[in-house]
Protein chains: 4
Amino acid sequence: MKIKKSWKQKIHEVIYGTHTQAGRLFDIILLVIIVYSVIIVMLESVPSFDEKHHKFLNYSEWVVTILFSIEYILRIISINRPKKYIFSFFGIVDFLSTIPKYLSLLFVGSQYLTAFRILRLLRVFRILKLVRFVGESNNLVRSIHASRTKIFVFVFFILIISILLGTVMYIVEGPTHGFTSIPHSVYWTIVTLTTVGYGDISPETPLGQFIATVIMIIGYGVIAVPTGIVSAEYAAGMTNKKNIAPGKTCPDCGTEIMRIDAHYCRECGHKLSDD
Amino acid sequence: MKIKKSWKQKIHEVIYGTHTQAGRLFDIILLVIIVYSVIIVMLESVPSFDEKHHKFLNYSEWVVTILFSIEYILRIISINRPKKYIFSFFGIVDFLSTIPKYLSLLFVGSQYLTAFRILRLLRVFRILKLVRFVGESNNLVRSIHASRTKIFVFVFFILIISILLGTVMYIVEGPTHGFTSIPHSVYWTIVTLTTVGYGDISPETPLGQFIATVIMIIGYGVIAVPTGIVSAEYAAGMTNKKNIAPGKTCPDCGTEIMRIDAHYCRECGHKLSDD
Amino acid sequence: MKIKKSWKQKIHEVIYGTHTQAGRLFDIILLVIIVYSVIIVMLESVPSFDEKHHKFLNYSEWVVTILFSIEYILRIISINRPKKYIFSFFGIVDFLSTIPKYLSLLFVGSQYLTAFRILRLLRVFRILKLVRFVGESNNLVRSIHASRTKIFVFVFFILIISILLGTVMYIVEGPTHGFTSIPHSVYWTIVTLTTVGYGDISPETPLGQFIATVIMIIGYGVIAVPTGIVSAEYAAGMTNKKNIAPGKTCPDCGTEIMRIDAHYCRECGHKLSDD
Amino acid sequence: MKIKKSWKQKIHEVIYGTHTQAGRLFDIILLVIIVYSVIIVMLESVPSFDEKHHKFLNYSEWVVTILFSIEYILRIISINRPKKYIFSFFGIVDFLSTIPKYLSLLFVGSQYLTAFRILRLLRVFRILKLVRFVGESNNLVRSIHASRTKIFVFVFFILIISILLGTVMYIVEGPTHGFTSIPHSVYWTIVTLTTVGYGDISPETPLGQFIATVIMIIGYGVIAVPTGIVSAEYAAGMTNKKNIAPGKTCPDCGTEIMRIDAHYCRECGHKLSDD
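Residues numbered from 1 in each chain as written. Chains lettered and ligands numbered in written order. Predicted model: local features only at pLDDT ≥ 70, side-chain atom pairs only at ≥ 80, totals over all residues. Heavy atoms only, no water.

S.K.: Even after reading the chapter, I still don't get the overall build of chain A, so can you show me in this structure?
M.R.: Along its length, chain A carries 13 helices and 0 strands. Mapped in sequence order, the helices and strands of chain A form the string α-α-α-α-α-α-α-α-α-α-α-α-α. Counting over 275 residues, chain A shows a buried share of 49%. Split by element, the accessible area of chain A, about 14100 Å² in all, is 69% carbon and sulfur. (Helix = DSSP H or I, 4+ residues; strand = E, 2+ residues; numbered from the N terminus. Buried < 20%, exposed > 50% of the residue type's maximum accessible area, 1.4 Å probe, protein only. Areas by Shrake-Rupley, 256 points an atom, 1.4 Å probe, with all protein chains shown as cover.)

Have a look at this one:
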């Protein structure tokens, strides 16, 4: 019993941990295999490449599938609460990245689902711990988080504007000029408002072109709003950090001294020594 | 007389108020019906969908129209000054969202006007009180408001530039390359300046392509201006609010108290009274 | 002699001045005529409109031309140094907005040049004194001015990048895929880098599409640079203004007190009274 | 021996130095020849121009090639450690900008490689020392440098999102609507996300258009992130530099001196020594 547990723990350490050398090696190998599997899935979808190298691609897929299956099983075995892993986001992704290949033996067409394997790329963020790099004390994440309500309302506002202007364009241009329905006109309005501008549909009547112009200028100006919010929040985060005299606290009551130029503790009135 | 008034007041409370449970329930139901009616209007404009489900869509429209009519009448009855409501923005929108369906019995083609119903979506902002979410003490609204003159001048400047460059492009490219008239060239210039770029018209002469390049780089650089204004105004609003207790000074030495949570003056150590 | 001079002065006051009621009225009438003449020029270029209303448009043009001619002559007469006006920017524009119509009697095709009249729109800025509205103490103009060297270097950098990447795309894609020459490829690169994306040419080889992707992401990221510069300069301008205690000067030496929290004049050491 | 060395030194001074008048003249002439050679390479690629002026272009190329060859040899001769120059970035570029023309005598098609000459344009930055203009104490370079990790993670994040959404679009739209393979769909997703929007491929199914809409709005919102980072870093750099005399404190009371131009401490009135 003791031996078996230690065996499990060792696997857990290698698969889930990053402290041991074996754990780090496992992460790097996993990363390489994930990137390799994504390249295989992508190349398989290119008809000209798939024709020439179908055999090699199919072989590679099976190798990757079996490796992923082993990893999946080991992950379940070595964890204390397997259910929590199985029904977690990454648990479902790991399952969906192996099962389609086996199903392809039974059903034709299920190989499309191997594309789910691409979701495993998200594990890259976890392995590389990229989020940590993003900013000192995650200022970027914090500022996006702080402005999420505002950005949600902004997107909602954009949608309402798009539905209104899309309907106007449907009435003005009509199905004869490519605005075949209101949903299609709304799609066109968003294409224009976000300054993407495919040109698959474009207004042809003078009035339609005038309204299109108004939409473009709105879009061009409105782009300022989310940028302004995120910039300001981010800058505020930076300033706050800077204004704090690092590590300076009132010797009497322990309050953190926020203003560099303070002479007296703002909590207890204790005279601060100048340093 | 007293009973009738109380009956009116109850309706007023439910329709206009949000304090009672019935009022909140009414708002949610209204919201659902508005969204439902917008979806109906949108689907009706899709030919393939309308063909299959015309009967159901028409029936739904009538139900929604009748519900909106009842709501409209109740709103007029239960308000003290009906004229003010009838000629308000939402009063007109509410009227225009019911009348076209009745008119469609008399005139063919007036069903297009049911699209006005989409304007009722704007009521969503009122019901959800989304504006409140936008920012603490409406900093976003304030900063857009503060920079409105600058943005107006900016848009005006963009328009003049567009008319000038559009005319130049009309002379350079001419009707043979798709620049059929000056208004059309101005339309193209705005499409390019805002980086939308449909590609329905694109310059073909080397000189035209050179000028197009200049327009693009102007547009790419000029996008910085509204963003810079809104960012700076927004940031200024945040800084002001966070750091300064408005108008609070130390009663002993007159130092402006910067931190809202300060208990003692940071200059002379005088105890501040909490307010 | 004395009477003649006073007659000149009166015209000068009306045409160049804005202090008298007549001067302001003249400006408003001039503004209306300029906008009217621009609309005429634009409508004349629309073939379908010109066909129907050719006579009216031609008549309007002559009326505007004669009015502009009279204004031009009066401007020359009433100014002290006519040469300075004639060879100034607006002097040349005013001349070019009248002469083409007279030339059209002699040469066919010179009516195109009436489009120069559109440049008179720039006078709108002068008449409305819009620049004054742009910002308190022209902060916007100042911040654009302060960052002009940086923006020039930025544009220069964009151009070099575009020439390099355009050449690479010419070699990769070649004339068979629409990249007919290096200048044309450079044009395409700028279209892509500024996120305009007409789609008149688009890469077709996998390598070309990969490089295009890199160009797009550069363009998407690089847009941050001018915005960042202008935002920061603008914000700095706002902050500076705020830090200045408005109108507070040292009572002893007259130095402007910049820091609100200063206790002593930073120039002469005079103790400042708290207010 | 002494004479020869002084002869080498003189050449070194002219070619590498910018202090002497001859050195500055050499730089300007080199700049003109580089720009001229770039124009020649560009014009040569325009079929219609090359046909008419082929002889002149070929002659110009040979003149430029010989001048560049002489410069290359002189650079090697006059430097102390020739190997360091030859294998430096500019050494390789200088070599590649001369050799293709000589090779064109032996091999057909190698004239394409003369396009490498365009890389010499980068020398412009060195000659004009443009980097110096970018900002006082290179604040722009510093802020881009400071945010490089964040921008790298951001680009990486965009790529993962693009691969995921590109795969979804490949499954939804499929090869019949132009999404021929996953790499091609990923290319389309980046075209949409960066708001370039060529329109060479555009979604046709309602579900595809809905997902496209989501991608556009993500792209429109996400553009705020790099702008926010660069703006904030740049603003932080400006604030630091402008307000704080680095490390300067009042010798009497220890107050940090904020204004560089202060003569007296603003806290205690102590006279500051000028340094």
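S.K.: Help me understand the pattern of salt bridges in this model?
M.R.: Pairing between side chains of opposite charge can happen when the charged atoms of each approach one another. Residues and elements named next belong to chain A. Inspection of the entire model under this criterion finds 24 salt bridges over all chains. The partner of Asp94 in a salt bridge is Arg120, with the nearest N and O atoms 3.0 Å apart. Of this pair, Asp94 sits in helix α5 (residues 89-96) while Arg120 sits in the loop between α6 (99-106) and α7 (123-128), and the two are 26 residues apart along the sequence. Of the two residues, Asp94 and Arg120, both sit in the buried class. (Salt bridge = Lys/Arg side-chain N within 4 Å of Asp/Glu carboxyl O.)

S.K.: Any chance you could explain the UniProt feature "transmembrane region" (unreviewed entry) in chain A here in plain terms?
M.R.: What UniProt calls "transmembrane region" (unreviewed entry) maps, in this numbering, to residues 25-44, 56-74, 151-172 and 210-232 of chain A. Span residues 210-232 of chain A is 96% helix and 0% strand, its end C-alpha atoms 34 Å apart. (UniProt positions renumbered as here; feature names shortened; annotations may be inferred.)

S.K.: How should I be thinking about helix α3 (residues 47-78) of chain B in this particular structure?
M.R.: Turn by turn, an α-helix covers 3.6 residues, leaving residues three or four places apart pointing in a common direction. Residue and element names in this part refer to chain B. For α3, with 32 residues, the first-to-last C-alpha span of 41 Å runs short of the 46 Å given by 1.5 Å per residue. Residue His53 marks the point of greatest curvature in α3, where the axis turns by about 85°. Inspection of α3 places Asp50, Leu57, Ser60, Glu61, Val64, Thr65, Phe68, Ser69, Glu71, Tyr72, Arg75 and Ser78 among the buried residues, and these make up the whole buried set. (Expected span 1.5 Å × (residues − 1). Bend = angle between axes of the 7 residues up to and from the residue.)

S.K.: Got a minute to help me understand the interface of chain A and chain D in this structure?
M.R.: Counting residues at the interface gives 51 residues for chain A and 47 residues for chain D. For the chain A and chain D pair, buried surface summed over both sides reaches about 4000 Å², with 74% attributable to carbon and sulfur atoms. Counting every contact that joins chain A to chain D gives 0 salt bridges. Linking chain A with chain D are 5 residue pairs in polar contact (both at pLDDT 80 or more), by the criterion used here. Every element with two or more residues in the side of chain A that touches chain D is listed here: α2 (21-44), α7, α8 (130-134), α9 (139-146), α10 (148-173), α11 (182-193), α12 (206-222) and α13 (224-243) of chain A. Looking at side-chain class alone, the side of chain A that touches chain D contains 36 nonpolar, 10 polar and 5 charged residues. (Contact = heavy atoms within 4.5 Å. Buried area = accessible area lost by both parts, 1.4 Å probe. Polar contact = N/O pair within 3.5 Å; in protein donor to acceptor, adjacent residues only side chain to side chain. Nonpolar A, V, L, I, M, F, W, Y, C, P; charged D, E, K, R; others polar.)

S.K.: Can you walk me through the environment of A:Thr167 in this structure?
M.R.: In this structure, A:Thr167 sits in helix α10. A:Thr167 gets classed as buried once you look at its relative accessible area, which sits at 4%. Each C-alpha atom of the pair A:Thr167 and A:Pro183 lies 8.4 Å from the other, and the pair is 16 residues apart in sequence. Look past the residues within four positions of A:Thr167 in its chain and what remains in contact with it is A:Ile182, B:Ala115 and B:Ile118.

S.K.: Even after reading the chapter, I still don't get the packing of α11(A) against α12(A), so can you show me in this structure?
M.R.: Each packed pair of helices is defined by two parameters, the angle between the axes and the distance between the axes. Residue and element names in this part refer to chain A. Running from N to C, α11 and α12 cross one another at 50°; their axes reach a closest spacing of 8 Å. It follows that α11 is oblique to α12 by the angle criterion. On α12, the residues touching Trp188, Thr189, Thr192 and Leu193 of α11 are Ala212, Ile215, Met216, Ile218 and Gly219. Residues that form the contact of α11 with α12 fall into these classes: 6 nonpolar, 3 polar and no charged. (Axes fitted to C-alpha atoms, helices over the stretch in contact; angles between N-to-C directions. Parallel < 35°, antiparallel > 145°, perpendicular 65-115°, else oblique.)

S.K.: Where do I start with the confidence of the model for chain A in this structure?
M.R.: In low-pLDDT segments, the atomic positions of the prediction should not be examined closely. The share of residues in chain A with pLDDT of 70 or more is 77%, and the mean pLDDT across the chain is 79. Below a pLDDT of 50 lies the segment residues 242-247 of chain A, which in the model reaches 11 contacts outside its immediate sequence neighbourhood of four places, other chains included. (pLDDT = per-residue confidence, 0-100.)

S.K.: Explain unusual backbone geometry here, please?
M.R.: Glycine aside, residues mostly have negative phi angles, and peptide bonds mostly take the trans form. With phi around 60°, B:Thr195 is a residue other than glycine that occupies positive phi space. Of the residues examined, B:Thr195 reaches a relative accessible area of 4% and is grouped as buried.

S.K.: Any chance you could explain the relation of the copies chain A and chain D here in plain terms?
M.R.: Relating the two copies of this chain is a rotation about some axis coupled with a shift parallel to it. Once chain A is rotated about the relating axis by 90° and shifted along it by 0.1 Å, it coincides with chain D to within an RMSD of 0.1 Å. The relationship between the two copies is best expressed as a four-fold rotation axis. (Least-squares fit on C-alpha atoms with pLDDT ≥ 70 in both.)

S.K.: Would you mind showing me how to read the packing of aromatic side chains here?
M.R.: Within a pair of aromatic rings, the relevant descriptors are the distance that separates the centres and the angle that separates the planes. Residue and element names in this part refer to chain A. Per the counting criterion, the structure on display carries 28 aromatic pairs over all chains. Where Tyr72 meets Tyr85, the ring centres are 6.0 Å apart and the plane angle is 50°; that geometry is what we call tilted. Taken together, the residues span a long stretch of sequence, with Tyr72 in helix α3 (residues 47-78) and Tyr85 in helix α4 (residues 82-86) at a distance of 13 residues. For the residue pair Tyr72 and Tyr85, the accessibility class agrees, reading buried in each case. Feature note: the residues Tyr16, Tyr72, Tyr85 and Phe95 constitute an aromatic cluster, connected by ring pairs. (Phe/Tyr/Trp six-rings, centres within 6.5 Å; stacked < 30°, edge-to-face > 60°.)

S.K.: How should the side chain of C:Arg75 be read in this particular structure?
M.R.: Relative to the elements of secondary structure, C:Arg75 occurs in helix α3 (residues 47-78). Once residues within four sequence positions are removed from consideration, C:Arg75 is found in contact with C:Ile15, C:Tyr16, C:Phe26, C:Leu30, C:Tyr85, C:Asp94 and C:Arg123.

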